[in-house]
Amino acid sequence: ESEQFRLRWSSNFKFKKGELQWNNGFTSLDRNINQFSSWDNTVLNYKYASQNLNSDVFVKYQVANYLDVISGVQYQYLSMAQEDPYTSIAKESSRFIIADPYFSFVYTSQFGLNINAGTRLNTHSVYGNQWVYNFNPSFSFKNVPLKLMSSYSTAYITPSLYQLYSPFGNLELTPEENETAEFGFETHLLNRKIELITVVFYRNESNRFGFFTNPDTFASNYINERPTFNAKGIEFSLKYSLFKNVTLQTNYTFTEVDATQA
């Protein structure tokens, strides 16, 4: 049996050059499983519960005709509980809070240059503070159907409650960190009937989450895979407007993954 309760609400206030928006969500999930055990002819009971509160408030303001800024704070509360014949996890001991202030701006010039950049401070009740960034410039040529695109971003991914507190959990897990860089172009041909997008990318990951099973004891748990993983490749996307309401689209991605010792 599963019972889920979800509540969503939002509000916004618009003013002359911007708006204030507040989005909220709450989810509660309870699962109860009865499973017959042929080992001892008994019925085993498994109970799972989780709660998630997400609140995000931000202000969007137009500084000038070519510049918008966005600033806000996101708050998340997550908890879980598990009760079964083998495990007892109380909600009070398996929860954490994430509070992230963030800031970004969007610059749109008159000569084709566009920049979207921002930063976020990840504040975790268990893992402390970590900054992440993103920078996405692009340039559109006026007399040529060509747009150049690029981006650079970092990410900081903390373990989930299940990866920490479940029977397979590991309280010594460290967060995963990665960075991604991309560069490509977008063009249109045959009077905009054909759209071609090509992007090359590079991604670096460290402390990636993995799952390990001991071959001797068969005990399993989540781990940090110590090698640094690098992935690079290229992606093509082609779209063709065959008729007014008929469009054909195809894409191809080549990815090469390399593992080097950290």
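Below you will find a few notes about this structure. (Residues numbered from 1 in each chain as written. Predicted model: local features only at pLDDT ≥ 70, side-chain atom pairs only at ≥ 80, totals over all residues. Heavy atoms only, no water.)

With that out of the way, let us pick up the overall build of the chain. Helix and strand counts for the chain come out as one helix and 15 strands. Its C-alpha atoms give the chain a radius of gyration of 24 Å, clearly above 18 Å, the size a compact globule of 262 residues would have. When its C-alpha atoms are laid out on the principal axes, the chain stretches across 80 × 50 × 45 Å. With 262 residues in all, the chain has 30% of them scored as buried. Across the chain, every contact between residues at least 6 apart in sequence was considered, and the portion connecting residues at least 24 apart equals 50%. Carbon and sulfur atoms make up 56% of the accessible area of the chain, which amounts to about 17000 Å² in all. Considering the chain, the positive charge centre built from 21 side chains and the negative charge centre built from 24 side chains are found 15 Å apart. (Helix = DSSP H or I, 4+ residues; strand = E, 2+ residues; numbered from the N terminus. Rg over C-alpha atoms; globule rule 2.2 N^0.38 Å. Buried < 20%, exposed > 50% of the residue type's maximum accessible area, 1.4 Å probe, protein only. Contact = heavy atoms within 4.5 Å. Areas by Shrake-Rupley, 256 points an atom, 1.4 Å probe, with all protein chains shown as cover. Lys, Arg positive; Asp, Glu negative; His and termini not counted. Charge placed at Lys NZ, Arg CZ, Asp CG, Glu CD.)

This brings us to the nonpolar core. Core analysis: the largest hydrophobic core is formed by 11 residues, namely Met80, Ile89, Phe96, Ile98, Tyr127, Val132, Tyr156, Leu161, Leu164, Leu173 and Tyr222. Those elements that place two or more of their residues in this core are strand S6 (95-108) and helix H1 (161-165). The contact partners of leucine 164, leaving out residues within four places of it in the chain, are Phe96, Tyr127, Pro159, Gly169, Asn170, Leu171 and Leu173. (Core = buried A, V, L, I, M, F, W, Y, C linked by side-chain atoms within 4.5 Å.)

With that out of the way, let us pick up the pattern of salt bridges. This structure, assessed with the given rule, holds five salt bridges. Between arginine 120 and aspartate 100 there is a salt bridge whose closest N-O contact spans 3.3 Å. Of the two residues, arginine 120 is situated in strand S7 (residues 113-124) and aspartate 100 in strand S6; the sequence distance between them amounts to 20 residues. In this structure arginine 120 comes out as partly exposed when scored by relative accessible area, which is 25%. Judged by its relative accessible area of 5%, aspartate 100 is buried. For glutamate 225, the salt bridge goes to arginine 208, with nearest N and O atoms at 3.5 Å. (Salt bridge = Lys/Arg side-chain N within 4 Å of Asp/Glu carboxyl O.)

So, on to the side chain of asparagine 230. Of note, asparagine 230 is situated in strand S14 (residues 228-243). Residue asparagine 230 is classed as buried on the basis of its relative accessible area, which comes to 14%. There is a polar contact of 3.3 Å between the side chain of asparagine 230 and the side chain of tyrosine 202. A distance of 2.5 Å separates the side chain of asparagine 230 from the side chain of asparagine 204, its partner in a polar contact. (Polar contact = N/O pair within 3.5 Å; in protein donor to acceptor, adjacent residues only side chain to side chain.)

Below, the discussion takes up the environment of serine 241. Tracing the backbone through its elements, the reader meets serine 241 in strand S14. Classification of serine 241 as partly exposed rests on a relative accessible area of 26%. C-alpha of serine 241 to C-alpha of arginine 192: the two residues are 49 residues apart in sequence and 8.4 Å apart in space.

This brings us to the environment of serine 88. Among the secondary structure elements, serine 88 is positioned in strand S5 (residues 88-89). For the pair formed by serine 88 and proline 167, sequence separation is 79 residues and the distance between their alpha carbons is 9.2 Å. If we skip the residues at most four places from it in the chain, serine 88 touches Gln82 and Glu83. In terms of polar contacts, serine 88 uses its side chain to reach the side chain of glutamate 83, at 3.0 Å.

Turning next to the pairing of strand S3 (residues 42-64). As judged from the 20 bridges shared by strand S2 (residues 18-37) and S3, these two strands associate in the antiparallel manner. Across the sheet, the residue bridging to serine 28 is glutamine 51, located in S3. Remark: four residues form the turn of the hairpin made by S2 and S3, two consecutive strands paired antiparallel; asparagine 41 in that turn has positive phi of roughly 55 degrees. Bridge analysis of S3 against strand S4 (residues 67-83) gives 17 bridges, and the strand direction is antiparallel. Looking across to S4, one finds that glutamine 51 is bridged to serine 79. Between the end of S3 and the start of S4, which pair antiparallel, lie two residues. (Pairing = 2+ DSSP bridges.)

The subject of this paragraph is the packing of aromatic side chains. Summed over all chains, the structure comprises eight aromatic pairs. Geometrically, the ring pair formed by tyrosine 66 and tyrosine 107 is edge-to-face, given 5.7 Å between the ring centres and 80 degrees between the ring planes. Of this pair, tyrosine 66 sits in the loop between S3 and S4 while tyrosine 107 sits in strand S6, and the two are 41 residues apart along the sequence. Owing to a relative accessible area of 22%, tyrosine 107 belongs among the partly exposed residues under this scheme. Ring pairs connect the aromatic residues Tyr162, Phe168, Phe211 and Tyr222, which therefore count as one cluster. Across the ring face of phenylalanine 229, the terminal group of arginine 208 is positioned such that the distance to the ring centre comes to 3.8 Å. (Phe/Tyr/Trp six-rings, centres within 6.5 Å; stacked < 30°, edge-to-face > 60°. Lys NZ or Arg CZ within 6 Å of the ring centre and 35° of its normal.)

Here the focus is a nonpolar patch on the surface. Taken together, the side chains of Phe5, Leu7, Trp9, Phe13, Phe15, Leu20, Trp22, Val57, Val59, Tyr61, Val63 and Val73 make up a nonpolar region of the molecular surface, amounting to roughly 1000 Å² of accessible area. Of all elements in the fold, only strand S1 (2-15), S2 and S3 reach the threshold of two or more residues within the nonpolar patch. Structurally, tyrosine 61 can be placed in strand S3. (Patch = residues over 30% accessible without salt bridge, like charges linked within 9 Å, V, L, I, M, F, W, Y side chains within 5 Å.)

We now examine unusual backbone geometry. Negative phi characterises most residues that are not glycine, and trans characterises most peptide bonds. Although it is not a glycine, asparagine 191 adopts a positive phi angle of roughly 55 degrees. The topology assignment puts asparagine 191 in the loop between strand S10 (176-189) and strand S11 (194-206).

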